[in-house]
Amino acid sequence: MQEKILFGTYTKKTSQGIYQGTLDTTAKTLTNDGLLAKTNNPTYLARSAKQRLYSVDKVDDQGGVAAWQLDGDQANKLNAVVAPGTPPAYVAVDEARQLVYSANYHKGTASVLKIADNGELALVDQIKHTGNGPRPEQDSSHIHYTDLTPDNRLVAIDLGSDKVYVYNVSDAGKLSEQSVLTMPAGFGPRHLVFTPDGQHALLAGELSSKVATLTYDQATGQFTQTAIIETIPADYSEHNGAAAIRLSRDGHFLYVSNRGYNSLAVFAVDNEAKLTPIQQISTEGDFPRDFDLDPTEAFVVVVNQNTDNATLYARDLETGKLSLLQKDVAVPEGVCVLFSK
């Protein structure tokens, strides 16, 4: 079977934009098939059910989100909503309300954009956080993630202030604050995933190299922290930043990328979302910012930003463990991995 994959990238060195690749699940090989769309700074990607792609975008000294119509191996740009300053760091699609959310790390803002019938975007709301934390990277608010809860509220994760916000979202895309969880000082929350029952979430702490287990009460829209575990060995003392976090569909295995230790950490997950470390495997490159499980969940692809390569693993569906299949697949400045699911 041929599975299509998209790579989002920085365009600071040699990359020219969004690349497409193919995972051959029979041959167990990954290829980079070349440039899909020439564009600046498409560091995060999200796809809609209507085969539209929404990407981080940079136009001269402005940053925002671009909308694309996908047609086979072509991507036609529909429009972009940009504003002066640094581009955002995360993009997500809300199918039910036909909205796109973006998180701007440098500005401390979360934006809501409405999807028109033709796929174009228009800004409908924006909130700005304040606050800081004890680490040098926490000089001000840094929103790193904006995505949906199982009950269709919005989570906004603020790495700069060590806070996790929950917002109600109106049909028109207007935000109203529902709750705030304060993490331990210096935790540096980045991304999270929910368990299949919607009652727990697993939160990656970039600055602390830890994962926190949270309970989520859908009646109140409130998170509660219950446990924290390391993503790197206790004796590793050099710099590391936890990055992407993914959970298998059955909720039994969690994966976290470590930038610095340059590994994927694998955890077994029990019914109460308690984590048990079961594997650390090298990403065969430097600074693995993102990775994803393929639609069959029998494979994992990771991109290493600093060494311009992707790595392919086989995933054991029973044990959750990974084994190396292929490395040194050329992907320039890779920072996002998106399968067609």
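Owing to the predicted nature of the structure, the values given are computational and were not obtained by experimental measurement.

> Help me get a handle on the nonpolar core, residues and values and all.
Of all hydrophobic cores here, the largest spans 56 residues; its most connected members are Tyr-54, Val-100, Leu-192, Leu-203 and Phe-223. Ignoring any residue separated from it by four or fewer positions in sequence, one finds Val-100 in contact with Tyr-54, Val-65, Val-91, Ala-92, Val-93, Ser-111, Val-112, Leu-113, Ile-115 and Leu-121. In this structure, Leu-202, Ala-242, Phe-267 and Leu-275 belong to the second largest nonpolar core, which totals 15 residues.

> So what's going on with unusual backbone geometry? Residues and values would help.
For residues besides glycine, phi is generally negative; the peptide bonds are generally trans as well. Phi is positive for Asn-41, which is not a glycine, with a value near 60°. Looking at the secondary structure, you find Asn-41 in the loop between β3 (29-38) and β4 (45-47). The class for Asn-41 is buried, based on a relative accessible area of 10%. Even without glycine at this site, Asp-60 takes up a positive phi of about 55°. With respect to the helices and strands, Asp-60 occurs in the loop between β5 (52-59) and β6 (62-71). Relative accessible area serves as the criterion here: at 69%, Asp-60 is assigned to the exposed category.

> I'd like to hear about the layout of surface pockets, residue by residue, with values.
Regions of empty space are outlined by a rolling probe, equal in size to a water molecule, passed over the atoms. Here the largest pocket is characterised by a volume of approximately 1,200 Å³. Taken together, 34 residues line the largest pocket, and the ones lying closest to its centre are Tyr-90, Asp-147, Arg-246, Asp-292 and Lys-341. Of the residues that constitute the lining of the largest pocket, the class distribution is 21 nonpolar, four polar and nine charged. The space that makes up the second largest pocket amounts to roughly 740 Å³.

How each quantity is defined
Residues numbered from 1 in each chain as written. Predicted model: local features only at pLDDT ≥ 70, side-chain atom pairs only at ≥ 80, totals over all residues. Heavy atoms only, no water. Core = buried A, V, L, I, M, F, W, Y, C linked by side-chain atoms within 4.5 Å. Buried < 20%, exposed > 50% of the residue type's maximum accessible area, 1.4 Å probe, protein only. Contact = heavy atoms within 4.5 Å. Helix = DSSP H or I, 4+ residues; strand = E, 2+ residues; numbered from the N terminus. 1 Å grid on protein atoms, 1.4 Å probe; cavity = no way out; pocket = protein on both sides within 12 Å on 5 of 7 lines; lining within 4 Å. Points joined across faces, edges and corners; volume = space filled by probe spheres on them. Nonpolar A, V, L, I, M, F, W, Y, C, P; charged D, E, K, R; others polar.

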